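Structure at a glance
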Amino acid sequence: MYDALTELADLSLSLQDRCLSLSVANGSIDRTIRIFDSMAENHGPKFKEVNDAFAKSDIEFKHVKLATNKSIPKIIPSQFFRSLANNLRSRHQHRHRMYHQ
């Protein structure tokens, strides 16, 4: 999640630039889609960090022990990132078609 939020924050800040051209904006969106497609196969650095932490028996965050809850389903990272890429791609293509009509 952290990796995805970081990429979305970067995209958001990029798109808020008042001097941004439409072609650069399209490039930024395409870049983010490619990153999410890539993360579906090779998860981001924070994902690896969290998985490594959960592999240990004593998981702590700021000196508080954490426990897993089996009743809460885990997010499947590849499905999550693929869904983000597909949703962003769908919205981008829809808006792209609107401007070229």
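Residues numbered from 1 in each chain as written. Predicted model: local features only at pLDDT ≥ 70, side-chain atom pairs only at ≥ 80, totals over all residues. Heavy atoms only, no water.

1. Topic: the overall build of the chain
Per the secondary structure count, the chain includes four helices and two strands. The globule rule puts the C-alpha radius of gyration for 101 residues at 13 Å, and the 17 Å found for the chain is more than 25% above it. Along the longest, intermediate and shortest principal axes, the C-alpha atoms of the chain span 55 × 25 × 20 Å. For the chain, buried positions account for 20% of its 101 residues. (Helix = DSSP H or I, 4+ residues; strand = E, 2+ residues; numbered from the N terminus. Rg over C-alpha atoms; globule rule 2.2 N^0.38 Å. Buried < 20%, exposed > 50% of the residue type's maximum accessible area, 1.4 Å probe, protein only.)

2. Here we look at the side chain of serine 28
Relative to the elements of secondary structure, serine 28 occurs in helix α2 (residues 22–41). A distance of 3.1 Å separates polar atoms of two side chains, one belonging to serine 28 and the other to serine 14. Leave out the neighbours within four places in its chain, and serine 28 touches Leu11 and Ser14. (Polar contact = N/O pair within 3.5 Å; in protein donor to acceptor, adjacent residues only side chain to side chain. Contact = heavy atoms within 4.5 Å.)

3. Details of the pattern of salt bridges
The full count for this structure, using the stated rule, is four salt bridges. Where glutamate 41 meets arginine 82, a salt bridge forms, and the shortest distance between an N and an O atom there is 2.6 Å. Of this pair, glutamate 41 sits in helix α2 while arginine 82 sits in helix α4 (residues 77–99), and the two are 41 residues apart along the sequence. Residue glutamate 41 is classed as exposed on the basis of its relative accessible area of 55%. As a salt-bridge pair, glutamate 49 and lysine 46 come within 3.5 Å of each other at their nearest N and O atoms. Residue glutamate 49 and its partner lysine 46 are located together in helix α3 (residues 45–55), separated by three residues, close to a single helical turn. (Salt bridge = Lys/Arg side-chain N within 4 Å of Asp/Glu carboxyl O.)

4. As for the packing of aromatic side chains
Applying the stated criterion across every chain yields a total of two aromatic pairs. When the centroid spacing of 5.4 Å and the interplanar angle of 65 degrees are considered together, the rings of phenylalanine 80 and phenylalanine 81 count as edge-to-face. Since its relative accessible area comes to 23%, phenylalanine 80 is described here as partly exposed. A relative accessible area of 2% places phenylalanine 81 in the buried class. Connected via pairs of aromatic rings, a cluster forms that spans Phe36, Phe80 and Phe81. Directly above the ring of tyrosine 2 sits lysine 46, whose terminal nitrogen or CZ lies 5.3 Å from the centroid. (Phe/Tyr/Trp six-rings, centres within 6.5 Å; stacked < 30°, edge-to-face > 60°. Lys NZ or Arg CZ within 6 Å of the ring centre and 35° of its normal.)

5. A few points about the nonpolar core
Of all hydrophobic cores here, the largest spans 11 residues; its members are Ala4, Leu11, Ile29, Ile33, Ile35, Phe36, Met39, Ala40, Phe81, Ala85 and Leu88. Every element with two or more residues in this core is listed here: α1 (2–15), α2 and α4. It is α2 that contributes the most residues to this core, six residues altogether. Contacts of alanine 40, omitting those with residues within four sequence positions, involve Ser78, Phe81 and Arg82. (Core = buried A, V, L, I, M, F, W, Y, C linked by side-chain atoms within 4.5 Å.)

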